[in-house]
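The lines below spell out each chain.
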Amino acid sequence: MTAAHAPGCPGIAPRWSSSRKEGVGTAGNALGRIWFTLSHGIINEIYYPRLDRPCTRDLELIVTDGREFFSEEKRDADSRTAWLAPGVPAFEVTNTCRRGRYEITKQILAHPERHALLQRTRFRPRQGRLEDYQLYALLAPHLHNCGVGNTAWVGEFKGTPMLMAQHDGAGLALASSAPWLKRSAGFVGISDGWQDLRAHKRMAWEYGRAERGNVALTGEIDLAACAGEFLLVAGFGRSAAEAAHRARAALIQGFNSAWKQYREEWEAWQNTLRPLRGARTDGQDAYRISAAVIRTHEAKDFPGGTIASLSIPWGEIHGDNDPGGYHLVWPRDAYESCGAMLAAGAGEEARRALSYFEITQEADGHWPQNMWLEGTPFWPGLQLDETAAPILLLDLARRENLLEAPEDRRRLWPMVRQAAIYLVRNGPSTGQDRWEENAGYTPYTLATEIAALVVAADLAAQHGESSLGTYFRETADAWNEAIESWLYATGTALARRFGVEGYYARITPRPFSALAAPEEEIVHVANRPADQQAMRAVDLISADALALVRFGLRAPDDPRIVNTIKVIDGLLKVETPRGPVWRRYTQDGYGEHPDGAPFDGTGIGRAWPLLTGERAHYELAAGRPDEARRLLLALEAFADDNGMIPEQVWDAEDRPERELRFGRPSGSARPLVWAHAEHIKLLRSLREGSVFDQPPQTTQRYLREKVRSPLVIWRFQCQTRRLPQGRGLRLEALAPARIRWTANQWAEWRELETRDTGAGIHLADLPTQPLAAGTRLEFTFFWTEANRWEGKNFELAVVGPK
């Protein structure tokens with residue numbers, strides 16, 4: 001060994017690995033606390049002990065001849081990944097040297113009990129003999145979700161030589177069934193094994209320790225001693241000694257017994273699922289793949305918590321500055337995942353998800369925009385669809401006969417009650433909604449809020465709170481009635497361009513200085529909130545307008561929906577060799593740059609396969625099942641060769657130098673759990689001939705009974721400026737008040753006390769139905785608890801029909 005300590009501390013700035021995962025896996029039980037990811041023919045992030053704690057950047061092999069030849073698996077070999085068994089997330093990876101020199105075959109799985117990752121490896125020369133080659137394992141620890149501050153060293157456990165690392169209460173140990181010829185610890189970019197091997201084609205450096213930095217471990221495998229076949233085991237624990245114990249135990253037990261248990265447990269679970277079939281004809285069972293992907297993303301120490309993806313989008317340019325990646329819980333995505341489990345008949349997974357929502361609900365009734373598994377918020381934003389989703393999930397579970405026990409319904413009612421109260425207190429508002437980049441009103445968020453309140457109203461009546469339920473229902477009706485005044489733009493240049501009367505849009509308030517381009521569509525709609533009047537309301541065309549149909553608020557053949565689809569298809573649809581796919585909305589900035597460079601805070605939003613699934617659901621609702629099946633085939637075709645459905649696909653000309661090809665996965669998250677969830681729900685919907693997760697309460701109320709609201713709601717965060725003739729005006733506030741109002745410029749005035757709804761909202765209904773069009777209505781508030789007037793008058797105009 002040339003030195004005790006490696007030079008170059010702390011190394012270069014750490015980065016994560018590619019988000020283009022070709023496989024993800026974990027044991028099919030609650031004991032094995034290892035999750036792993038694969039891309040470019042190697043192991044990437046390994047997660048331990050939690051699903052939101054990556055502990056490595058990557059583990060790969062390098063081949064040299066000791067003189068001139070240097071070959072790195074992930075860059076210099078063609079890779080092929082295959083499932084070891086259908087629906088079982090364990091993989092065989094074959095890497096073939098592009099220069100024809102060697103072939104490496106690896107079988108990879110997480111140990112069912114030992115908190116260890118196993119890689120059974122076979123190295124086979126395709127030119128020359130085994131003794132002509134040298135083989136090295138390289139491992140980059142990023143323990144406890146950090147690339148900096150790791151300490152790595154060469155050590156042993158009970159006489160077994162290992163490569164070891166530790167940081168912040170997490171330890172790692174890499175062991176091999178074949179002897180190590182040499183071992184070293186170094187700092188990435190300066191004294192690590194890659195630098196050594198690239199320069200010298202052999203291990204010229206042997207450093208015993210690399211202290212507190214961005215570190216890497218390197219070991220040379222004794223190919224002669226193992227005849228090219230060996231087992232690598234990466235063990236994990238709270239300390240390096242604990243990790244070494246597990247690595248040695250898994251090494252002694254061997255691969256075959258671990259594989260037998262791993263396979264049996266996963267196959268037993270898959271056999272409990274409802275029999276559904278995908279559309280792929282290449283021999284892969286896309287349904288079983290989606291089921292395995294979703295279940296792999298559920299936490300074990302926080303049962304029911306499902307993260308968005310075991311990936312860090314464009315991870316190759318992100319380091320410790322982005323600790324969250326997609327290994328966080330978005331309540332909306334978790335709702336979609338649990339809905340898919342219900343569609344597949346996985347009742348226990350759905351029960352765990354409902355319990356998880358119950359545990360992680362904030363005291364005021366909402367859920368964070370996203371959060372760590374224990375429930376700690378990560379991003380500071382508020383998305384009201386994230387609060388509506390658990391209500392809809394509970395109702396879906398009830399319809400699937402999952403909540404037959406009265407005690408279950410009683411226990412979960414307080415969760416629904418608090419969530420519904422939060423919705424009526426805070427929405428609709430201009431807070432961030434379904435897609436995080438823009439504030440404003442979106443059809444998806446409004447649809448989920450309204451549907452959730454209709455569901456909550458029924459549940460309130462069942463639990464003896466009929467008056468609260470009436471308020472929820474009246475609020476939902478009023479918001480549903482207002483959708484067109486908030487979202488439906490008419491008479492615009494864009495409408496004329498597509499030959500339609502109007503279209504639903506997502507509304508983004510922006511200051512005048514923030515307008516993007518002269519051709520940007522600017523529309524003024526009278527009833528948009530007052531805080532948008534100081535700005536210009538920018539109408540973004542969004543594919544999520546179809547949520548109005550998905551959640552039962554508008555019929556699929558509603559002319560306004562049909563008009564909107566013409567505009568959506570004209571602006572957002574992309575035809576690819578694998579089928580049609582849609583972008584999220586105009587001016588979306590979440591995606592690669594035009595030259596394919598990774599998203600770095602700016603970019604161009606690309607096309608999302610899950611939107612192909614959502615469009616298929618619309619086509620099914622519209623009575624076109626053949627078209628829905630065609631779109632199902634496209635959704636499955638957007639997956640990679642191993643069935644991983646990406647968040648986005650590249651929608652421009654090929655950029656092979658950046659691994660971007662038209663209609664194929666981009667550099668964002670892969671797999672996206674939501675996309676796999678949409679896939680499973682679509683399979684169930686097609687089997688039954690109707691949209692699986694569409695709430696029957698809204699379809700009955702708004703599509704069959706065609707309920708209209710007699711009220712317009714005014715509140716401080718949503719100050720309507722127009723009152724249709726013949727409608728009542730409801731004023732809402734968060735404190736008791738006396739309303740003074742006039743309809744004749746204060747020649748006469750009346751007063752009305754607010755009443756408490758039981759939801760923390762105080763309201764007064766003004767009898768404005770007889771007022772004639774053209775009347776100017778004015779009012780103000782006297783706050784009874786504070787004993788003061790508001791000090792400002794508010795007004796709106798009574799308008800007649802268009």
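For the structure, check the block above.
Quick caveat, the model's predicted, so the values are computed rather than measured. (Residues numbered from 1 in each chain as written. Predicted model: local features only at pLDDT ≥ 70, side-chain atom pairs only at ≥ 80, totals over all residues. Heavy atoms only, no water.)

Trainee: Help me get a handle on the packing of aromatic side chains, residues and values and all.
Mentor: Scanning the model with the defined rule gives 32 aromatic pairs in all. Note on F36 and F91: the rings are 6.3 Å apart at their centroids and 80 degrees apart in plane angle, and the pair reads as edge-to-face. Here F36 is found in strand β3 (residues 35–39), whereas its partner F91 is found in strand β8 (residues 88–97), with 55 residues between them in sequence. Side by side, F36 and F91 carry an identical accessibility label, which is buried. On the numbers, 5.2 Å between centres and 5 degrees between planes, the contact of F781 with W783 is stacked. Considered together, F781 and W783 belong to a single accessibility category, that of buried residues. Here the aromatic cluster, defined as three or more aromatic residues joined through ring pairs, consists of W714, F716, F779, F781, W783 and F794. If you follow R53 out to its NZ or CZ, it ends over the ring of W372, 5.0 Å from the centre. (Phe/Tyr/Trp six-rings, centres within 6.5 Å; stacked < 30°, edge-to-face > 60°. Helix = DSSP H or I, 4+ residues; strand = E, 2+ residues; numbered from the N terminus. Buried < 20%, exposed > 50% of the residue type's maximum accessible area, 1.4 Å probe, protein only. Lys NZ or Arg CZ within 6 Å of the ring centre and 35° of its normal.)

Trainee: With reference to specific residues and values, describe the sheet that holds strand β28 (residues 728–733).
Mentor: Taken together, four strands build an open sheet; the order of strands is β26-β28-β32-β31 and the sheet is mixed. The open sheet has two edge strands with one neighbour each: β26 (711–715) and β31 (755–756). Examined bridge by bridge, β26 and β28 share five bridges and lie parallel to one another. The partner of I713 across the bridge, within β28, is R730. The sheet contacts of helix α12 (residues 466–487) involve β26, β28 and β32 (762–766), and relative to β26 the element is tilted by about 95 degrees. (Pairing = 2+ DSSP bridges. Contact = heavy atoms within 4.5 Å. Axes fitted to C-alpha atoms, helices over the stretch in contact; angles between N-to-C directions.)

Trainee: Describe the nonpolar core, naming the residues involved and giving the relevant values.
Mentor: One finds L118, F123, Y262, F472 and I680 to be the most contacted residues of the largest nonpolar core, which totals 218 residues. In terms of residue count, the dominant contributor to this core is helix α11 (residues 443–462) (13 residues). Not counting the four nearest positions on each side in its chain, I680 is found in contact with L276, Y287, S290, A291, I294, A340, M341, A343 and A344. Counting 19 residues, the second largest nonpolar core, distinct from the first, contains W714, L729, A733 and W741. (Core = buried A, V, L, I, M, F, W, Y, C linked by side-chain atoms within 4.5 Å.)

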